[in-house]
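These are the residues of each chain, in order.
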Amino acid sequence: MDLRIFTEPQQGADYDTLLAVARATEDLGFDAFFRSDHYLRMGGGDGLPGPTDAWITLAGLARETKRIRLGTLMTAGTFRLPGVLAIQVAQVDRMSGGRVEFGLGAGWFEEEHTAYGIPFPKERFGRLEEQLAIVTGLWETPVGKTFSYEGKHYRLADSPALPKPAQERIPVLVGGHGASRTPRLAARYADEFNIPFASLEDTERQFGRVRAAAEEAGRRADDLVYSNALVVCVGRDDAEVARRAAAIGREVGELKANGLAGSPAEVVDKLGRYAAVGSSRVYLQVLDLDDLDHLELISAQVAPQLG
């Protein structure tokens, strides 16, 4: 099972903090560094020093890391025009030497749109589908050819469809809990399907829907990677688990029920249960970005037991 580090910088982290976490991610052998795409803190606290932009951050990390994959869970479709987004992501992919993965979602947090003057349309899923068609279409258009698109929400005419990413195909992630449209969208566009913060039962049910949608679309279900995103809180003993839970304002019992919490052995056991329902990759949501010892513990005592 691949373990990836997933951060939520809108809760209060500057670029230097993210760089320290990304370097630790690389040095400790994790597969990838991912971040959310939000402009407003959720829950209590002041959110200082304020938000960082996802793709500007990843551009910087692309030049300051060498091995790890870099990406978003998920880029908010409401924040960027799809043609501009295709340029941004392709450029960061070239800056990284071909290490970018692209998660795109519809956008959901209305308050951050209000706070920063970003339009928040009522109909977002249809826009997301068009955005995926445009971004992937621009990347796939051969050099020297043009790309045009006529949709309900977006229209492109005779685009040169440049620049091209470094990778022949940037892996595309689609995710969510939707029972019908989300699996169909994943089956059409995704290389990976991710379900965030879901129980074992909900994970198994949603993976089954996506697998069925893939087969219906004429793809092999196993052509997709199936992954989870789960909050992580690991400690060598109960006191360390409790300290880490308190640092992020959560209760140990709740974290054990809804995430990956407890001793390394407990976390390995729960990861095994997710693997049994089809998950081959887990994004570890790390909420205390100053606690690099937490990453070291996971690297030393969890990752080696996963095979």
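First things first, this report covers the structure right here in the doc. Keep in mind the model is a prediction, meaning the values are calculated, not measured. What you see as residue numbers is a count from 1 along each chain, following the sequence as written. In view of the model being predicted, local features appear only for residues whose pLDDT reaches at least 70, and side-chain atom pairs are presented and counted only at 80 or more, with totals across whole chains, interfaces and linings using the full set of residues. Computation of side-chain values: all heavy atoms of the structure, hydrogens and water removed.

Here we take up the packing of helix 1 (residues 15-27) against helix 2 (residues 54-64). Axis definition: a line fitted to C-alpha atoms, over the contacting stretch in the case of helices. Angles run 0 to 180 degrees between N-to-C directions. Put simply, DSSP H or I for four residues or longer makes a helix, DSSP E for two residues or longer makes a strand, and each gets a number counted from the N terminus. Contact geometry of helix 1 with helix 2 gives a least axis separation of 10 Å together with a crossing angle of 45 degrees. The pairing of helix 1 with helix 2 is recorded here as oblique in orientation. For the crossing formed where helix 1 meets helix 2, the hand is right-handed. Where helix 1 approaches helix 2, its residues Y15, L18, L19, A22 and R23 are matched on the opposing element by T57, G60, L61 and E64. Working rule for angles: under 35 degrees goes down as roughly parallel, over 145 as roughly antiparallel, 65 to 115 as roughly perpendicular, anything else as oblique. Should the near helix be turned anticlockwise from the far one by less than a right angle, the crossing is left-handed, and should it be turned clockwise, the crossing is right-handed. The criterion used for residue contact is that any of the two residues' heavy atoms lie within 4.5 Å.

Salt bridges are defined as contacts in which a side-chain nitrogen from Lys or Arg sits within 4 Å of a carboxyl oxygen from Asp or Glu. Counted by the stated rule, this structure contains 22 salt bridges. Residues R4 and D31 are paired through a salt bridge, measuring 2.7 Å at the closest nitrogen-oxygen approach. Of this pair, R4 sits in strand 1 (residues 2-7) while D31 is found in the loop between helix 1 and strand 2 (32-35), placing the two residues 27 residues apart along the sequence. Summary of the burial criterion: residues with accessible area below 20% of their type's maximum are buried, those above 50% are exposed, and those between are partly exposed, where the area comes from a 1.4 Å probe applied to protein chains only. You can call D31 partly exposed: its relative accessible area is 23%. With a closest N to O distance of 2.8 Å, E150 and R155 form a salt bridge. Across the pair, R155 and E150 agree in class, each one exposed. In this structure, a network of salt bridges that share partners links the residues R236, E240, R243, R244 and D291.

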